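A look at the structure
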Amino acid sequence: MFRRWHLVVLALLAVFAIACEGAGATPEPTDDVPTGKPPAGLPSSMAALGDSITAGFGSCLAFVACSRNSWSTGSGSAVDSHYQRILEANPKIKGKARNFAEPGAESGALAGQAAQAVEMKAQYVTILIGANDACSRSVAAMTGVSAFRGEIDRGLARLKKGLPKARVLVVSIPDLYRLWELGHGDERAVRVWGQGGICPSMLAEPASTDEADDQRRKRVRDRIDAYNEQLRKACKAYGKRCRWDGGRAHGIRFSLDLVNQIDYFHPNVEGQSELAEVVYPDRFGW
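Residues numbered from 1 in each chain as written. Predicted model: local features only at pLDDT ≥ 70, side-chain atom pairs only at ≥ 80, totals over all residues. Heavy atoms only, no water.

**Some words on the overall build of the protein chain**
- Summing up its helical and strand segments, the protein chain has 11 helices and 5 strands in all.
- Among the 286 residues that make up the protein chain, the fraction classed as buried is 55%.
- Long-range contacts, defined as pairs at least 24 residues apart, comprise 76% of the intrachain contacts of the protein chain with a sequence gap of at least 6.
- In the structure as shown, the protein chain presents an accessible area of about 12300 Å², 51% of it carried by carbon and sulfur atoms. (Helix = DSSP H or I, 4+ residues; strand = E, 2+ residues; numbered from the N terminus. Buried < 20%, exposed > 50% of the residue type's maximum accessible area, 1.4 Å probe, protein only. Contact = heavy atoms within 4.5 Å. Areas by Shrake-Rupley, 256 points an atom, 1.4 Å probe, with all protein chains shown as cover.)

This is how it looks when you write it as C-alpha cells:
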C-alpha cells in the first residue's frame with residue numbers, strides 16, 4: 001500500500017523481480033476445469049481494483065507486485081482466490097480475470113481502474129482501496145473523508161454506467177492499528193517500520209508510547225473507520241448489484257504470521273488466503 005513517492009524505492013528493488021516471474025500477469029493453472037453448465041449466477045469474467053494488497057505486493061518473496069497471489073484474481077496454487085473458487089464451478093471464466101490494482105493507488109485512482117474493468121466487460125468486480133489515503137506522510141496529509149467519498153462515488157458511477165449488470169464487491173480497509181499493536185514489540189518489525197517508508201502516519205516511531213504518538217495513531221485508526229463507513233454507504237447507494245463485505249476484512253486479526261517479512265505490512269500468501277476466505281461471497285446473483 002505504498003504511496004507514489006515510494007516508486008523510486010521500488011525501482012531500486014526491482015532486481016528481485018526474478019522471484020516473481022510473471023507476477024504482473026494472471027497465469028492460468030494447468031489443472032483441468034469442470035465441464036458442463038455452471039451453477040446459476042456465477043460470473044464468467046472478473047476484474048480486481050485497488051492498491052498493493054490486491055496486487056499481491058510482497059507476497060512472493062520480493063518487493064514487487066505479485067498478482068498470481070492476489071486474494072481476488074490470483075491463479076497461483078498457494079492462494080484459493082475468488083477467481084480460483086469460481087473457476088472450479090464455472091470454466092467459462094478461465095483466462096478472463098484481470099488485476100488492475102496498483103501499488104500506491106489512492107481512492108482517486110479508482111475511476112481509472114473502473115474504466116479498465118468496463119473495457120473488458122467484467123461481470124464481477126472486487127474493490128479494496130483506501131489504505132494509502134490514510135498512509136500519508138503525516139496525519140494532516142490524509143485524504144479528507146468527504147473527498148474520499150467523492151472519489152469512491154466517482155469510481156462506482158463509472159462501473160454502474162458501463163457495467164450495469166455486473167456484481168461489485170466492496171471490501172473494507174484492514175485494521176492497521178491492530179497491526180501496530182501486534183508488531184510494535186517485535187524487534188524486526190520495529191526496525192523496518194522505523195525506517196519511515198511504511199505507512200508513516202501510523203507506523204512512524206513504532207516503539208514510542210508517548211502520548212503524542214499514541215494520539216497520532218488513533219487519529220489514523222479513526223480515519224480508516226470513517227473511510228470504511230463511507231465505503232459501506234457508497235455501496236448501499238449503488239444498489240442491489242453492490243455487496244459490502246460487512247467489515248470482515250477490517251476484522252481480520254492480521255498477526256505477523258500473515259504479513260511478509262520484508263516490510264511487515266503487506267499480506268503474505270497466508271494473509272492473502274485468509275482475506276480471500278473471509279470476504280468471498282456466500283452466494284452470487286445479488
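**Regarding the nonpolar core**
- Among the nonpolar cores identified, the biggest contains 51 residues, and Leu 49, Val 125, Ile 127, Leu 159, Val 168 and Trp 193 are the most heavily contacted of them.
- Top element by residues in this core is helix H9 (residues 211-238). It accounts for 7 residues.
- Dropping the residues within four chain positions of it, Val 168 is found in contact with Val 125, Ile 127, Leu 156, Leu 159, Tyr 238, Arg 241, Cys 242, Arg 243 and Trp 286.
- Residues Leu 128, Ile 252, Leu 258 and Trp 286 belong to the second largest nonpolar core, which totals 22 residues. (Core = buried A, V, L, I, M, F, W, Y, C linked by side-chain atoms within 4.5 Å.)

**Observations regarding the state of the cysteines**
- Evaluated as defined, the whole model comprises 2 disulfides.
- In this model, Cys 135 is linked to Cys 199 through a disulfide, with the two sulfur atoms separated by 2.0 Å. A torsion of -85° about the S-S bond marks the disulfide between Cys 135 and Cys 199 as left-handed. Taken together, the positions of Cys 135 in the loop between helix H4 (131-134) and helix H5 (145-162) and Cys 199 in the loop between helix H7 (187-193) and helix H8 (200-203) put the pair 64 residues apart, joining distant regions of the chain. Cys 199 carries the same exposure label as Cys 135, and that label is buried.
- Note on cysteine connectivity: Cys 235 is disulfide-linked to Cys 242, with sulfurs 2.1 Å apart. Disulfide Cys 235-Cys 242: torsion about the S-S bond near -120°, hence left-handed. (Disulfide = S-S within 2.5 Å.)

**Things to note about the packing of aromatic side chains**
- In the structure shown here, the tally under the stated rule is 4 aromatic pairs.
- Considering the side-chain rings of Tyr 124 and Phe 284, the 5.2 Å spacing of their centres and the 85° angle between planes classify their relative orientation as edge-to-face. Of this pair, Tyr 124 sits in strand S3 (residues 124-128) while Phe 284 sits in the segment after helix H11 (269-279), and the two are 160 residues apart along the sequence. Neither Tyr 124 nor Phe 284 differs from the other in exposure class; each is buried.
- Seen from their ring centres, Tyr 177 and Trp 180 are 5.6 Å apart, and the 40° between their planes marks the pair as tilted. A residue pair is termed a helical-turn pair when its members lie 3 or 4 positions apart in one helix, as Tyr 177 and Trp 180 do in helix H6 (residues 176-183) at 3 residues. Trp 180 shares its class with Tyr 177; the two are buried.
- The rings of Tyr 124, Tyr 280 and Phe 284 are connected pair by pair, giving a single aromatic cluster.
- Directly above the ring of Tyr 280 sits Arg 85, whose terminal nitrogen or CZ lies 5.2 Å from the centroid. (Phe/Tyr/Trp six-rings, centres within 6.5 Å; stacked < 30°, edge-to-face > 60°. Lys NZ or Arg CZ within 6 Å of the ring centre and 35° of its normal.)

Interpretation in functional terms is not warranted from these geometric data alone.
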